[in-house]
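# An overview of the molecular structure
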Amino acid sequence: MNPRFDISKIDQIDIPAVKMLERETGLSSWSEEDYLKLIQEKNVVCLKVIDTKSQYNDLVGFVVSQMMISDYLPQGENTAEIYNICVSKNLRKQGIGAALIGNLLRKYRKQTVETVWLEVRESNLNAIRFYEKRGFKVTQTRKKYYSRPSESALIMVAKVAI
């Protein structure tokens, strides 16, 4: 990744910038309280990307993920779900998303997570291709999972090499 970008944990002070990036990109909006609860959880990984060359060290990307037990994977398998990943529209295709996913998978490898999964709109072909390039595979479809507009979600799973 470009050295002008720095990845670190999301802190409480970052939540307004996360919310602003949500609005900019059209990502499903969570409340500030939701983010505050998550960043305080032990089994949650929330990472941000800061543009160190911008005037105000702008937050230009983030990922939110949690370790859990999943109904979609074999019992006893350590897994994590990626809830949200977001990169500023004008900085896409510069390796920021790939760096976030790579950093996240390295953290989970250390915590013996075996699989990471996520849901993506079936019409979001760019995101699907992005995830496929990083080893994610479609395993299921959730019919009418999303609203505004109503749409099915693809469940994509990647094995985390241990």
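None of these values were measured; they are calculated from a predicted model. (Residues numbered from 1 in each chain as written. Predicted model: local features only at pLDDT ≥ 70, side-chain atom pairs only at ≥ 80, totals over all residues. Heavy atoms only, no water.)

### Quick look at a positive patch on the surface
Taken together, the side chains of K9, R106, K107, R109 and K110 make up a positively charged region of the molecular surface. Here the element with the most residues in the positive patch is helix α3 (residues 96-110); it accounts for 4 residues. Counting through the fold element by element, K110 comes out in helix α3. (Patch = residues over 30% accessible without salt bridge, like charges linked within 9 Å, V, L, I, M, F, W, Y side chains within 5 Å. Areas by Shrake-Rupley, 256 points an atom, 1.4 Å probe, with all protein chains shown as cover. Salt bridge = Lys/Arg side-chain N within 4 Å of Asp/Glu carboxyl O. Lys, Arg positive; Asp, Glu negative; His and termini not counted. Charge placed at Lys NZ, Arg CZ, Asp CG, Glu CD. Helix = DSSP H or I, 4+ residues; strand = E, 2+ residues; numbered from the N terminus.)

### Let's talk about the environment of L27
With respect to the helices, strands and loops of the structure, L27 is situated in the loop between α1 (15-25) and α2 (32-40). Among the residues examined, L27 registers a relative accessible area of 22% and is labelled partly exposed. Remark: the alpha-carbon pair of L27 and C86, spanning 59 residues in sequence, is separated by 7.5 Å. Look past the residues within four positions of L27 in its chain and what remains in contact with it is E22, F62, N84, I85 and C86. (Buried < 20%, exposed > 50% of the residue type's maximum accessible area, 1.4 Å probe, protein only. Contact = heavy atoms within 4.5 Å.)

### Some words on unusual backbone geometry
The step from R148 to P149 runs through a cis peptide bond, and the omega angle for that step is -5 degrees. Notably, K93 is not glycine yet its phi reads approximately 65 degrees, a positive angle. Considering the arrangement of structural elements, one finds K93 in the loop between β4 (79-87) and α3. Its identity as a non-glycine residue notwithstanding, T112 has a phi of 55 degrees, on the positive side. If you trace the backbone, T112 turns up in the loop between α3 and β5 (115-121).

### Quick notes on the pattern of salt bridges
Under the counting rule described, the total for this entry stands at 6 salt bridges. Salt-bridge contacts for R4 lead to D51; the nearest nitrogen and oxygen are separated by 2.6 Å. Placement of the pair is R4 in the segment before β1 (5-9) and D51 in strand β2 (residues 44-51), with a sequence separation of 47 residues. A relative accessible area of 5% places D51 in the buried class. D11 is paired through a salt bridge with K48; the nearest N and O atoms lie 4.0 Å apart. Of this pair, D11 sits in the loop between β1 and α1 while K48 sits in strand β2, and the two are 37 residues apart along the sequence. Since its relative accessible area comes to 9%, K48 is described here as buried. Through salt bridges with shared partners, a single ionic network connects D11, D14 and K48.

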